[in-house]
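Take a look at the letters that make up each chain.
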Amino acid sequence: MKNKWILTGVAVCLLAACSQMTQEERFQKIAENENSKCPKRLNSTTVFDSTRYDASQNCVSYYYTLSGKADDAEKYKKNYDNFRKALDNTIINSLEMKAYLEYKTIIKYIYYSDSTKTKLAEFVFNEN
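Residues numbered from 1 in each chain as written. Predicted model: local features only at pLDDT ≥ 70, side-chain atom pairs only at ≥ 80, totals over all residues. Heavy atoms only, no water.

Trainee: Outline the overall build of the protein chain, listing residues and values.
Mentor: Within the protein chain, the regular secondary structure consists of 5 helices and 5 strands. When the helices and strands of the protein chain are listed from N to C terminus, the series reads α-α-β-β-β-α-α-α-β-β. (Helix = DSSP H or I, 4+ residues; strand = E, 2+ residues; numbered from the N terminus.)

Below, the structure is given as structure tokens:
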């Protein structure tokens, strides 16, 4: 029974510590946590490289490397609007992105080519 109260006390302290963080500090912690798992292969053509939160600009950026059939700059130029709409729908419908949207955080998705190491595309949301 004593251990149960100790665990409850620890949980309350952790929750209190989290509630003392600013939103910027929370976003920074999320980025650090995600980066500890990177690079992370998402599928045969996409690697999630890292994320970064810049508090001075209130901007979160996600960096990816594309290979194989996805490593095609022309495809992104031709279909930019379609890719942007798909990402926008994903952001709007994602619980993980809700806090960023509520805090009016700029959200960037940046894709690089595995073969040339150049930027293939960049999508920016919530800029206003």
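What follows continues from the structure just given.
Trainee: If you had to explain the confidence of the model for the protein chain to someone new, which residues and values would you point to?
Mentor: Confidence in the prediction of the protein chain, expressed as mean pLDDT, is 89, and 84% of residues score 70 or more. Below a pLDDT of 50 lies the segment residues 7–15, which in the model reaches 0 contacts outside its immediate sequence neighbourhood of four places, other chains included. (pLDDT = per-residue confidence, 0-100. Contact = heavy atoms within 4.5 Å.)

Trainee: Tell me about the side chain of Asn 58, residues and numbers included.
Mentor: Here Asn 58 lies in the loop between strand E2 (46–54) and strand E3 (59–66). A polar atom in the side chain of Asn 58 sits 3.0 Å from the side chain of Thr 105. (Polar contact = N/O pair within 3.5 Å; in protein donor to acceptor, adjacent residues only side chain to side chain.)

Trainee: Could you give me a rundown of the pairing of strand E5 (residues 119–125), with the residues and numbers involved?
Mentor: The buried count for E5 comes to 5 of 7 residues, which makes it a mostly enclosed element. When strand E4 (residues 106–113) meets E5, the two strands line up antiparallel, connected through 6 bridges. By the bridge assignment, Lys 108 is partnered in E5 with Val 124. Taking the residues that link successive antiparallel strands as the turn, the E4-E5 hairpin has 5 residues, and the phi of Lys 117 there is positive, at about 65 degrees. (Buried < 20%, exposed > 50% of the residue type's maximum accessible area, 1.4 Å probe, protein only. Pairing = 2+ DSSP bridges.)

Trainee: Give a description of the pattern of salt bridges that names residues and reports values.
Mentor: Considering all chains together, one arrives at 5 salt bridges under this definition. Taking the shortest distance from any N to any O, the salt bridge between Glu 102 and Lys 98 comes out at 3.9 Å. Here Glu 102 and its partner Lys 98 are both found in helix H5 (residues 98–102), 4 residues apart, which amounts to about one turn of the helix. Take Lys 98: its relative accessible area is 47%, and that puts it in the partly exposed class. (Salt bridge = Lys/Arg side-chain N within 4 Å of Asp/Glu carboxyl O.)

Trainee: Which residues make up the pairing of E2, and what values do they have?
Mentor: Note: strand E1 (residues 40–41) against E2, 2 bridges, orientation antiparallel. Across the sheet, the residue bridging to Lys 40 is Phe 48, located in E2. As judged from the 8 bridges shared by E2 and E3, these two strands associate in the antiparallel manner. Residue pairing for E3: Arg 52 is matched across the bridge by Ser 61. Linking two consecutive strands that pair antiparallel, namely E2 and E3, is a turn of 4 residues; a positive phi of about 50 degrees is found at Asn 58 within it.

Trainee: Requested: an account of the environment of Pro 39, with residues and values cited.
Mentor: Positionally, Pro 39 belongs in the loop between helix H2 (23–35) and E1. Here Pro 39 falls in the exposed class, since its relative accessible area comes to 62%. Sequence-wise, Pro 39 and Tyr 63 are 24 residues apart; in three dimensions their C-alpha atoms are separated by 9.8 Å. The contact partners of Pro 39, leaving out residues within four places of it in the chain, are Val 47, Phe 48 and Asp 49.

Trainee: Just give me the short version of unusual backbone geometry, but keep the residues and values in it.
Mentor: The linkage connecting Cys 38 with the following residue, Pro 39, adopts the cis geometry, with an omega of -5 degrees. For Asn 58, which is not glycine, the phi torsion reads 50 degrees and is therefore positive. If you check the backbone angles, Lys 104 has positive phi at about 60 degrees while not being a glycine. As for its position among the elements, Lys 104 is in the loop between H5 and E4.

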